[in-house]
Amino acid sequence: MSGAPSSSESAAGRYADVDLDAFIANYSGTLRIERLTYIARQAPELACDAYHMALSLLKKTRNTQLYQELCHEAQKKFGDDAFPIDSTWVEEQDSAAKKQREKLDEDLATYRGNMIRESIRMGHNDLAEFYFDRGEYDMALKDFLRTRDYCTAPKHVIAMVWLHRAYSRDTVRPVLWLD
């Protein structure tokens, strides 16, 4: 009688008026993917679009593990046909990542053999960036922190702290404030 929607009516269309593109425009990088994933899990009205957006963004990265996880999650909700896994892309990315990892490991071993501190530091930075792109955040953090032992100038320490901070900011799990 009061004209206010009942709780069941408001729950059913709670997020129907949200402009997902405009909302997501405020985020970039890994945080955008994390936010879309959260929206897909929490807002049924936006889930299909959020999954599609997250998966298309993930295909621009090398994070095949998260891509596959989100595909499986979306398939459970919407069926296998709505979200097919691009296994060719996954295999190509995994193969390229394996080759790149081997090259980075070889380069780092060479740098260690030559005992050039600056090169060793840069080798660990390269490995950390590789792991971050693949979604292996624990390994990325370990390699970023290993650079500390090879910092030969104050500017290297500052660069290490800033890189660590920048990558940590992107890996923080976001909280969606739609309620």
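Read on for an overview of the structure. (Residues numbered from 1 in each chain as written. Predicted model: local features only at pLDDT ≥ 70, side-chain atom pairs only at ≥ 80, totals over all residues. Heavy atoms only, no water.)

Observations regarding the packing of aromatic side chains
Okay, so step 1: A full pass over the atoms with the stated rule returns seven aromatic pairs.
Okay, so step 2: By way of ring pairs, the aromatic residues Y51, F78 and F83 are connected into one cluster. (Phe/Tyr/Trp six-rings, centres within 6.5 Å; stacked < 30°, edge-to-face > 60°.)

Let's talk about the packing of helix α5 (residues 64–78) against helix α6 (residues 87–114)
Okay, so step 1: One way to put it is that α5 packs onto α6 with a least axis distance of 10 Å and a crossing angle of 160°. One way to sum up the angle between α5 and α6 is to call them roughly antiparallel. In terms of crossing hand, the pair formed by α5 and α6 is left-handed. Mapping the contact onto sequence places T64, Y67 and Q68 in α5 and W89, V90, Q93 and D94 in α6.
Okay, so step 2: For the contact of α5 with α6, the residue count by class is three nonpolar, three polar and one charged. (Axes fitted to C-alpha atoms, helices over the stretch in contact; angles between N-to-C directions. Helix = DSSP H or I, 4+ residues; strand = E, 2+ residues; numbered from the N terminus. Parallel < 35°, antiparallel > 145°, perpendicular 65-115°, else oblique. Left-handed = near helix turned anticlockwise from the far one by under 90°. Contact = heavy atoms within 4.5 Å. Nonpolar A, V, L, I, M, F, W, Y, C, P; charged D, E, K, R; others polar.)

Description of unusual backbone geometry
Okay, so step 1: Although it is not a glycine, M115 sits at a positive phi angle of roughly 60°.
Okay, so step 2: Note that M115 resides in the loop between α6 and α7 (117–134).

A look at the packing of helix α4 (residues 47–58) against α5
Okay, so step 1: Where α4 contacts α5, the two axes come as close as 10 Å, and the packing angle between them is 160°. The angle between α4 and α5 falls in the class roughly antiparallel. Where α4 crosses over α5, the handedness of that crossing is left-handed. Contacts between α4 and α5 involve A47, C48, Y51, A54, L55 and L58 from the former and L66, Y67, L70, C71, E73, A74, K77 and F78 from the latter.
Okay, so step 2: Residues that form the contact of α4 with α5 fall into these classes: 12 nonpolar, no polar and two charged.

Side note on the nonpolar core
Okay, so step 1: Judged by nonpolar contacts, the single largest core of 23 residues is most densely connected at L36, I39, Y51, L55, L58, Y67 and L70.
Okay, so step 2: Those elements giving two or more residues to this core turn out to be α2 (20–24), α3 (29–42), α4, α5 and α6.
Okay, so step 3: The leading source of residues in this core is α4, at seven residues.
Okay, so step 4: Non-local contacts of Y67, meaning those with residues more than four positions away in its chain, are made with L55, L58, K59, P84, I85, D86, W89 and V90. (Core = buried A, V, L, I, M, F, W, Y, C linked by side-chain atoms within 4.5 Å. Buried < 20%, exposed > 50% of the residue type's maximum accessible area, 1.4 Å probe, protein only.)

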